[in-house]
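Listed below are the residues making up each chain.
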Amino acid sequence: MSLKKVLIVNKSYPVVGFGVLLSGSKQNILQYLDYEPESLPEIKKNIEGCDALIWNTKHQLTPEILDLAGPQLKAVSSMSSGLDHIRVEELKKRGIALGNCPHVLDNAVADIAVGLLIGAARKFKAGIRELESGQWKYGVQWSTGLDIAGSTVGIIGLGGIGQAIVRRLKGFDVARFLYSGRSDKPQAKALGAERVPLEHLLKESNYVVLACPLTNETQNLINADTLKLMKKNSVLVNIGRGGLIDQNALYDALKGNHIFAAGLDVVTPEPLPKDHPLISLPNCFILPHLGSATIETRNAMASIAANNILLALEGKSMLFPAY
Ligand code: NAP
């Protein structure tokens, strides 16, 4: 059986993934490259003749790159849940198997969502700034934030991560969970979450959490118009993708205190330049895309990505096929 060439676009790909790839029935030739933005020319140079790719979210997987790889390319696995960086229809058209790594990251990302929600509602960023600049003040009105108990939480996208967020927040005595999405989720009943139209969710919620994919439909879902629907004392949390939010409109809403605060794990672009206006705002609590960044979760993702590839190279269905 001929050796297969697998290109891993990630120099810090967890070793557990290599183990899986090398345990295949036939030995595979592995090559790995960095996935920093400046490494794209190197990736393009080395991709010719690859049978499979383990791809990351930093680079768009475009038809041009697929052409450079060549017609033998059989399988692509993204080490992510979201697939907004991949032209899914194009791969499908070319008969290339595509898979991702959902579910294993639900808990880790939901933890970060809850962290952002508390951090934004309880003014972590403003407090830390004042602490670090010697401005720590006293007073019953100093640095007062918002309660979670008794609140309404609206989840936009009640998928794997959205459901894990609700499970966690149930321990916080939330009064009502709402969600919006394209379809009813059978799990919603057990979670006590009610499906409502987006507009209703935005008007009713004290906390709005974005946990949906970035698609043509969801691009700039949060914009000047939708922000106006939100309560003045509401908090926006985004663990989906930066492109879900029109950041200029968010800046205006936060600066003008039209909403209370935002907690963002994802932004556009990534990395966000340090002089970006959102960073200057004390009520915009930003994390550098830490959602799935735990040792256990990244190992599990690497293992799934590798298994997706091995299975596809053996002509079998991937663990998590995109179609
Ligand atoms: P998932 O299980 O596929 O869930 C996505 C949910 O979004 C589904 O319930 C889907 O509902 C819903 N949805 C789709 N289109 C929607 C729309 N227009 N409006 C509202 N909801 C919509 O995916 P997941 O694993 O939870 O991940 C969700 C997203 O989080 C990913 O796509 C990715 O962008 C992001 N993510 C971020 C991190 C991070 O590190 N911050 C990590 C993993 C994932 P329907 O079935 O009804 O369409």
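Not measured: the values here are computed from a predicted model.

How each quantity is defined
Residues numbered from 1 in each chain as written. Predicted model: local features only at pLDDT ≥ 70, side-chain atom pairs only at ≥ 80, totals over all residues. Heavy atoms only, no water. Near = heavy atom within 4 Å. Polar contact = N/O pair within 3.5 Å; in protein donor to acceptor, adjacent residues only side chain to side chain. Areas by Shrake-Rupley, 256 points an atom, 1.4 Å probe, with all protein chains shown as cover. Nonpolar A, V, L, I, M, F, W, Y, C, P; charged D, E, K, R; others polar. Phe/Tyr/Trp six-rings, centres within 6.5 Å; stacked < 30°, edge-to-face > 60°. Buried < 20%, exposed > 50% of the residue type's maximum accessible area, 1.4 Å probe, protein only. Helix = DSSP H or I, 4+ residues; strand = E, 2+ residues; numbered from the N terminus. Pairing = 2+ DSSP bridges. Axes fitted to C-alpha atoms, helices over the stretch in contact; angles between N-to-C directions. Contact = heavy atoms within 4.5 Å. UniProt positions renumbered as here; feature names shortened; annotations may be inferred. Parallel < 35°, antiparallel > 145°, perpendicular 65-115°, else oblique. Left-handed = near helix turned anticlockwise from the far one by under 90°. Core = buried A, V, L, I, M, F, W, Y, C linked by side-chain atoms within 4.5 Å. Domains from an automatic or database assignment. Expected span 1.5 Å × (residues − 1).

Chemist: Looking at this structure, I do not really get the site of the ligand. What am I missing?
Modeler: Close contacts around the ligand come from 28 residues, with Ser81, Arg182, Ser183, Lys185 and Asp265 the closest. One nitrogen or oxygen atom from the main chain of Gly160 is found 2.9 Å from an oxygen atom belonging to the ligand. Look at the ligand: alone it shows 920 Å² of surface, and the protein chains cover 87% of it. A class-by-class count of the residues in the shell around the ligand yields 10 nonpolar, 13 polar and 5 charged.

Chemist: Is there a simple way to think about the packing of aromatic side chains in this case?
Modeler: Describing an aromatic ring pair means giving the distance of the ring centres and the angle of the ring planes. In total, this model carries 2 aromatic pairs according to the counting rule given. With a centroid separation of 5.2 Å and an interplanar angle of 85°, the aromatic rings of Tyr13 and Phe18 are classed as edge-to-face. When its relative accessible area of 5% is taken as the criterion, Tyr13 is described as buried. Here the aromatic rings of Phe124 and Phe285 are separated by 6.0 Å at their centres, their planes lie at 70°, and the arrangement is edge-to-face. Of this pair, Phe124 sits in helix α6 (residues 124–132) while Phe285 is found in strand β12 (residues 284–286), placing the two residues 161 residues apart along the sequence.

Chemist: I'm lost on the sheet that holds strand β3 (residues 52–55) in this one. Help?
Modeler: Reading across from one edge, β2-β1-β3-β4-β5 is the order of the 5 strands in this open sheet, with parallel pairing throughout. Two strands bound the open sheet, and with one partner strand each, they are β2 (28–33) and β5 (97–99). Across the sheet, the mean angle separating the axes of adjacent strands is 15° when strand polarity is ignored. Inspection of the sheet shows strand β4 (residues 75–78) paired to β5 by 3 bridges, in the parallel sense.

Chemist: Explanation requested: the sheet that holds strand β7 (residues 176–180) in the structure shown.
Modeler: Each strand in a sheet pairs with another by means of backbone hydrogen bonds, the pair being arranged parallel or else antiparallel. Pairing is parallel across the open sheet formed by 7 strands, whose spatial order is β8-β7-β6-β9-β10-β11-β12. Pairing within the sheet leaves two strands with one partner each, and these edge strands are β8 (193–195) and β12. The sheet shows a mean angle of 20° between the axes of neighbouring strands, direction not considered. Bridge count between strand β11 (residues 261–264) and β12: 3 bridges; the pairing is parallel. Across the sheet, Gly263 pairs through a bridge with Phe285, a residue of β12. Of the strands in this sheet, β10 (235–238), β11 and β12 touch helix α11 (residues 247–255), which is tilted by about 140° from β11.

Chemist: It is not clear to me how the UniProt feature "domain: D-isomer specific 2-hydroxyacid dehydrogenase NAD-binding" (unreviewed entry) in the protein should be interpreted in this structure. Could you clarify?
Modeler: Residues annotated by UniProt as "domain: D-isomer specific 2-hydroxyacid dehydrogenase NAD-binding" (unreviewed entry) correspond here to residues 114–291. Its end C-alpha atoms 11 Å apart, residues 114–291 is made of 32% helix and 16% strand.

Chemist: What's the story with the packing of helix α5 (residues 106–121) against helix α7 (residues 160–169) in this structure? I'm lost.
Modeler: For any two helices packed against each other, one specifies the inter-axial angle together with the distance between the axes. Packing of α5 against α7 leaves a shortest axis separation of 8 Å and a crossing angle of 55°. Our classification of the angle between α5 and α7 gives oblique. You can see that α5 and α7 cross each other, and the crossing is right-handed. Mapping the contact onto sequence places Asp106, Asn107, Val109, Ala110, Asp111, Ala113, Val114 and Leu117 in α5 and Gly160, Ile161, Ala164, Ile165, Arg167, Arg168 and Leu169 in α7. In terms of residue class, the contact of α5 with α7 is made up of 9 nonpolar, 2 polar and 4 charged.

Chemist: Can you help me understand the nonpolar core in this one?
Modeler: Grouped together as the largest cluster of nonpolar side chains are 57 residues, with contacts concentrated most on Tyr13, Ile155, Ile165 and Val235. Here this core spans two domains, and each of domain 1 (4–104 + 295–313) and domain 2 (106–286) adds at least three residues to it. Contacts of Ile155, omitting those with residues within four sequence positions, involve Gly162, Ile165, Val166, Leu178, Tyr179, Ser180, Leu201, Val209 and Ala211. Core analysis: the next-biggest nonpolar cluster, separate from the first, contains 28 residues, Ala249, Leu272, Leu278 and Leu281 among them.

Chemist: Just checking my understanding: could you explain α6 for this structure?
Modeler: An α-helix turns once per 3.6 residues; consequently, residues spaced three or four apart project the same way. Where α6 is concerned, the buried positions are Lys125, Ala126 and Gly127. Against α12 (277–280) and β12 lie the buried residues of α6. At the C-terminal side of α6, Gly134 shows a positive phi close to 75°.

Chemist: How do you make sense of the packing of helix α1 (residues 15–22) against helix α13 (residues 295–313) when you look at a structure like this?
Modeler: Between α1 and α13, the least distance of the axes is 7 Å, while the angle of their chain directions is 20°. Taken together, the axes of α1 and α13 are roughly parallel relative to one another. Both α1 and α13 take part in a crossing whose hand is right-handed. Note on element contacts: α13 touches α1 through Asn299, Ala302, Ser303, Ala306, Asn307, Ile309 and Leu310, opposite Val16, Gly17, Val20 and Leu21. Looking at the contact of α1 with α13 residue by residue, the class counts come to 7 nonpolar, 4 polar and no charged.

Chemist: Can you help me understand α5 in this one?
Modeler: Across its 16 residues, α5 extends 22 Å between first and last C-alpha, which sits within 8% of the 22 Å expected from 1.5 Å per residue. Across the 16 residues of α5, 12 count as buried, placing the element largely inside the fold. When we look at burial in α5, the residues that qualify are Asp106, Ala108, Val109, Ala110, Ile112, Ala113, Val114, Leu116, Leu117, Gly119, Ala120 and Ala121.

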